[in-house]
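Analysis of the macromolecular model
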Amino acid sequence: MNSLASSEQLTVKGLPISPGLAKGVILRIHQRPFQQTGAPQVNSEYDKQRFREAQEKAIEQLKALADSTKATLGPEKAAIFDAHQLMIQDPMLVDAILAAIMQGQCLEDAVVEATLSIKAQFDALDDPYFKERAADILDIGQRLFRIITGGEDISQIDDKQDYVIVTDELAPSDAAVLGIKRNVKGVVTAQGGPTSHSAILLKALEIPAVSGIPMDDSFQRGNTILVDGVGGEVILFPSREVEEAFDRRIKAQEETRLRLKELKGKPSVTKDGISVLLFGNIASPKDTQKVLNFGGTGVGLFRTEFLFMGRSDSPSEEEQFQAYSEALKSMAPHPVIIRTLDAGGDKDVPYIKGLVGEEANPFLGLRAIRICMEYREIFMTQLRALARASAFGNLKIMLPMVTSLWEIRTARAMLAEAVLSVKDAGHKVAENIDLGIMIEVPAAAASAHVLAKEVDFFSVGTNDLVQYTLAVDRQNPRLLQWYEPFHPAVIALLENTARAAHEANIELGMCGEMAGDPLALPLLVALGFHELSMSAPRIPWIQDYLMRLTKDRCLELFQKVRSMDSGSSIREELTRFMEEHQG
Ligand code: PEP
Ligand code: MG
């Protein structure tokens, strides 16, 4: 890519991580790496003054963030911004910065040094509470750094125009805040794959995004940028014709969105009457409304780890009960599949990390069900909360990262114990609670016939299944061309899983990102998937395509695809098939 800002149209290919088209002016955030530069200090009094101004500005930003978050996401989510306002005035940090300035460092370096040294002190304490404070101090230091280096912050977005956020990497907290800003139309990042949590949040917020874009000076604040979250490319300095054509596509996208609204309430069936239930994935009970709004008839994945994030200890049984029962009540009589804690790997729950300690390979480490097997009190609290919540709707419990029968048997025994003990305490519990597992490790897919005998349902987690099958870190942007959900190995594992589910006569679902990918849909129909769970806004798009398909054509396509020898040829075949079924 050229590295000079120019007015020549520039198209840069990346990876689509959230579908849709967007146009706006660039707002770059988190521009400079958070590290010392050794730049000389000009004047210590001047730097102290700059520090005071930056501190005031940070407090203003945090107040604005707290207010808008309170109004939209509630006081719980806003508490972090209130706490940060206090921490940014804490003498521990302030004195360390002023001392570094007095020792001759420039303000930028003083902020980096003070932040990292306080963070290291917290990190060294073997207590999950302090590990989390370490993350807070880093966040605060980075905020100050952005202010003094002129980097933009999400709270700077005004209402004057439509923006596209351009950044190296979007933190999940940033992604959540973007939902509040109606005029953030798109996101472009250098890092972060399609199954990262930020990507999952962006999809839920319907903000088109492209990742894997190398940043250079062309990406300057104020330049217009076009974002194609379907084709996975961005266009800078568009010619008038290209911009007008893009505007027409945005208009057509809006028209399709309106047309798809009409599908709500209609049965999700193929042309020849095969029903496929379309469910939504959620991260909090509040998200159920969105699933219902988009016509979802259940929740196929409630990622409960979000309840465990951003705090210094496990949520209590009562807090968990409130969250689970709220989700169940709002979806009733539709089912809600609640996944037990899936911490570790890409899901950073700081105090659990504090318990587990550093691991050389977190994705292959103490993650998900393994944490629940090792720290049974955490699991038992969750199971008790789930058992109590079961009286309020149609609950199914799902275990993540299962590889062996003993995990299922242990979980089932613990669930029975939880049910008995909450009943003894006088709580009502549903007559029957289905217990199922995610198929997201190749071992589970390959031995699906063994596992199917002892569970009520399977739900395929393709995000991890693809990662583990192909040995490709799902978060590493350099490996994106290797992260291929249509690789023949993945197709073979899906087929094996489906066969085992049908033979054992259990429900077969999918809740990984593949479930919301229209290209995959005919294959999933051919394999007899009963339920697909996806980011809520995807539901009408998948329903629209489903209603154009017939089982016979899907089976024919599947036979063709299973003899193909590469992900790219399969992808081409699926694209052709989809084009044939448009209009
Ligand atoms: C998956 O792995 O496909 C999945 C749905 O779980 P998560 O993305 O939360 O790991
Ligand atoms: Mg997973």
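Residues numbered from 1 in each chain as written. Chains lettered and ligands numbered in written order. Predicted model: local features only at pLDDT ≥ 70, side-chain atom pairs only at ≥ 80, totals over all residues. Heavy atoms only, no water.

In the annotation of an unreviewed UniProt entry, the entry for the chain reads Phosphoenolpyruvate-protein phosphotransferase, and the organism field reads Thermanaerovibrio velox DSM 12556. If you open the UniProt record of the chain and go to Sequence similarities (unreviewed entry), you find "Belongs to the PEP-utilizing enzyme family." (UniProt positions renumbered as here; feature names shortened; annotations may be inferred.)

1. A word on the UniProt feature "domain: PEP-utilising enzyme C-terminal" (unreviewed entry) in the chain
UniProt tags residues 260-547 as "domain: PEP-utilising enzyme C-terminal" (unreviewed entry). A distance of 12 Å separates the end C-alpha atoms of residues 260-547, which is 43% helix and 14% strand. (Helix = DSSP H or I, 4+ residues; strand = E, 2+ residues; numbered from the N terminus.)

2. Regarding the UniProt feature "binding site: Mg(2+)" (unreviewed entry) in the chain
Per the UniProt record, "binding site: Mg(2+)" (unreviewed entry) is found at Glu440 and Asp464. In summary, the annotated positions, though distributed over 25 residues, converge in three dimensions, the widest C-alpha pair being only 5.3 Å. Checking the annotated residues one by one, the ones that line the largest cavity turn out to be Glu440 and Asp464. Tracing the chain through its elements places Glu440 in the loop between strand 13 (434-439) and helix 16 (442-446). Take Glu440: its relative accessible area is 2%, and that puts it in the buried class. With residues up to four places along the chain from it excluded, the contact list for Glu440 reads Pro400, Met401, Gly461, Asp464, Leu465 and Tyr468. Within the fold, Asp464 resides in helix 18 (residues 462-470). The exposure class of Asp464 is buried, given its relative accessible area of 2%. Here Asp464 is in contact with Lys347, Arg367, Glu440 and Arg474, once residues within four sequence places are set aside. (1 Å grid on protein atoms, 1.4 Å probe; cavity = no way out; pocket = protein on both sides within 12 Å on 5 of 7 lines; lining within 4 Å. Buried < 20%, exposed > 50% of the residue type's maximum accessible area, 1.4 Å probe, protein only. Contact = heavy atoms within 4.5 Å.)

3. Considerations on the site of ligand 1
Around ligand 1, 14 residues are found, and the nearest of them are Arg303, Arg339, Lys347, Gly461 and Asn463. Within the side chain of Lys347, a nitrogen or oxygen atom sits 2.5 Å from an oxygen atom of ligand 1. One nitrogen or oxygen atom from the side chain of Glu440 is found 3.0 Å from an oxygen atom belonging to ligand 1. Relative to its unbound accessible surface of 280 Å², ligand 1 loses 100% to contact with the protein. (Near = heavy atom within 4 Å. Polar contact = N/O pair within 3.5 Å; in protein donor to acceptor, adjacent residues only side chain to side chain. Areas by Shrake-Rupley, 256 points an atom, 1.4 Å probe, with all protein chains shown as cover.)

4. Considerations on the packing of helix 18 against helix 19 (residues 488-504)
The contact between helix 18 and helix 19 brings their axes to 10 Å, and the two run at 125°. As the angle between them shows, helix 18 and helix 19 are arranged oblique. In terms of crossing hand, the pair formed by helix 18 and helix 19 is right-handed. Along the contact surface, helix 18 presents Leu465, Val466 and Thr469, while helix 19 presents Ala489, Val490, Leu493 and Leu494. The residue inventory of the contact of helix 18 with helix 19, partitioned by class, reads six nonpolar, one polar and no charged. (Axes fitted to C-alpha atoms, helices over the stretch in contact; angles between N-to-C directions. Parallel < 35°, antiparallel > 145°, perpendicular 65-115°, else oblique. Left-handed = near helix turned anticlockwise from the far one by under 90°. Nonpolar A, V, L, I, M, F, W, Y, C, P; charged D, E, K, R; others polar.)

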